[in-house]
Amino acid sequence: MAKKWYVIHTYSGYENKVAANLRHRIESMGMQERIFDVFIPKEKVTDLKSGGRKVTTEKKVFPGYILVQMELDDDSWYVVRNTPGVTGFVGAQAKPVALSRAEVERIKGRVASSAKPKTFTDFVEGAPVKVTAGPLADFDGVIAEVNADQGKIKVMVSIFGRETPVELGFDQVAKL
């Protein structure tokens, strides 16, 4: 029998607790020979808050789901299915469907590629802002372009009656 990856549905927000419960049950019931790994896909995400403050957090790629590598038989199915917090396997009720090797590699690749955190910001094109630092402090403008990865935005500022593009850091502007 081959070991394959299966997706387990849990209560959202309880993935870590379910994974810990499952690992404990595997050990206490001697199932290490049939249930090999419990994996919660996570990626690092950087949120840019007002004032240019960066906050890096780890977010679950699939909230409410965990992956389990196991040899599926009645005993291993029973151990996983009856772990507190597990609502079921993804797939048919009678027989769970295993992930393909390509799907598992894509998921693990996505998690590995998050070593450089993805950046999110609440600045959007077309939003009015006030320049708070630098030679153009106290000027108002409109965001023309957002480059979240570099932490910069292009703001159209009216100087001498002409719209002029100015590249600023997130920490140099404030939303109006």
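Structure shown above.
The rules behind each value
- Every chain's residues receive numbers from 1 upward, in the order its sequence appears when written.
- A pLDDT threshold of at least 70 governs which residues receive local features in this predicted model, and a stricter bar of 80 or more applies before side-chain atom pairs are shown or counted, although totals over entire chains, interfaces and linings include all residues.
- Based on all heavy atoms of the structure, the side-chain values leave hydrogens and waters out of the count.
- Being paired, for any two strands, means DSSP has found at least two bridges between them.
- Under the scheme used here, helices are H or I runs from DSSP no shorter than 4 residues and strands are E runs no shorter than 2 residues, and both carry numbers assigned from the N terminus.
- Here an axis means a line fitted to C-alpha atoms, over the contact stretch when the element is a helix, while the angle between two N-to-C directions is reported on a 0 to 180 degree scale.
- Relative accessible area decides the class of each residue, using a 1.4 Å probe on protein chains only: under 20% of the type maximum gives buried, over 50% gives exposed, and in between gives partly exposed.
- Residues are treated as being in contact if the distance between any of their heavy atoms lies within 4.5 Å.
- For this document, the term salt bridge refers to a Lys or Arg side-chain nitrogen within 4 Å of an Asp or Glu carboxyl oxygen.
- Pairing of N or O atoms within 3.5 Å defines a polar contact, subject to two protein rules: one partner must be a possible hydrogen donor and the other a possible acceptor, and residues neighboring in sequence count only if both atoms are side-chain atoms.
- Between 30 and 60 degrees the pair is tilted, below 30 it is stacked and above 60 it is edge-to-face, where a pair is any two Phe, Tyr or Trp rings, Trp via its six-membered ring, whose centres lie within 6.5 Å.
- Only when the NZ of Lys or the CZ of Arg is both within 6 Å of the ring centre and within 35 degrees of the ring normal is a charge said to sit over the ring.

Asks: Describe the sheet that holds strand E5 (residues 65-70), naming the residues involved and giving the relevant values.
Replies: Across the sheet, four strands lie side by side as E2-E5-E1-E6; this open sheet has antiparallel pairing. Strands at the two margins of the open sheet, each flanked by one partner only, are strand E2 (35-39) and strand E6 (86-89). Averaged over neighbouring strand pairs, the angle between their axes works out to 30° when direction is ignored. When strand E1 (residues 4-10) meets E5, the two strands line up antiparallel, connected through six bridges.

Asks: Explain the sheet that holds strand E10 (residues 152-159) residue by residue, including any values.
Replies: Ordered in space as E11-E10-E9-E8-E12, the five strands form an open sheet in which the pairing is antiparallel. In this open sheet, the two strands that pair with only one neighbour each are strand E11 (162-169) and strand E12 (173-175). Averaged over neighbouring strand pairs, the angle between their axes works out to 45° when direction is ignored. Relative to E10, strand E9 (residues 140-147) runs antiparallel, the two sharing six bridges. From the neighbouring strand, Gly141 faces E10, where its bridge partner is Val157.

Asks: Any chance you could break down the environment of Gly85 for me, citing the residues and the numbers?
Replies: Within the secondary structure, Gly85 sits in the loop between helix H2 (74-81) and E6. With a relative accessible area of 18%, Gly85 lands in the buried category. Separated by 58 residues in the primary sequence, Gly85 and Glu27 have C-alpha atoms spaced 18 Å apart. Not counting the four nearest positions on each side in its chain, Gly85 is found in contact with His9, Thr10, Tyr11 and Val18.

Asks: Describe in detail the pairing of E10, supporting the description with residues and values.
Replies: Counted between consecutive antiparallel strands, the loop separating E9 from E10 contains four residues, among which Gly151 sits at a positive phi close to 70°. Where E10 lies against E11, eight bridges are found, and the strand directions are antiparallel. Residue pairing for E11: Ile159 is matched across the bridge by Arg162. Connecting E10 to the next strand, E11, in antiparallel fashion are two residues, including Phe160 with a positive phi near 55°.

Asks: So what's going on with the pattern of salt bridges? Residues and values would help.
Replies: By the definition in use, this model includes six salt bridges. Asp73 is the salt-bridge partner of Arg34, the closest N and O atoms lying 3.2 Å from each other. Of this pair, Arg34 sits in the loop between helix H1 (15-28) and E2 while Asp73 sits in the loop between E5 and H2; the two residues are 39 residues apart in sequence, bridging distant segments of the chain. Here Asp75 and Arg34 are joined by a salt bridge, their closest N and O atoms 3.1 Å apart. Of this pair, Asp75 sits in helix H2 while Arg34 sits in the loop between H1 and E2, and the two are 41 residues apart along the sequence.

Asks: Mind laying out the side chain of Thr83, listing which residues take part and the relevant values?
Replies: Examined against the element boundaries, Thr83 turns out to sit in the loop between H2 and E6. With relative accessibility at 2%, the residue Thr83 sits in the buried group. In this structure the side chain of Thr83 is engaged in a polar contact, spanning 3.2 Å, whose partner is the side chain of Arg25. Setting aside residues up to four positions removed in sequence, Thr83 forms contacts with Val18, Asn21, Leu22 and Arg25.

Asks: I'd like a description of the packing of aromatic side chains, backed by residues and values.
Replies: Enumeration over the complete set of coordinates arrives at four aromatic pairs. Here the aromatic rings of Trp5 and Phe39 are separated by 6.3 Å at their centres, their planes lie at 70°, and the arrangement is edge-to-face. Residue Trp5 is found in strand E1, and its partner Phe39 is found in strand E2; the two are separated by 34 residues along the sequence. Classification of Phe39 by relative accessible area gives buried; the value is 18%. With a centroid separation of 6.5 Å and 75° between ring planes, the pair formed by Tyr11 and Tyr14 is classed as edge-to-face. Over the ring of Phe39 we find Lys108; its NZ or CZ atom is 5.0 Å from the centre of that ring.

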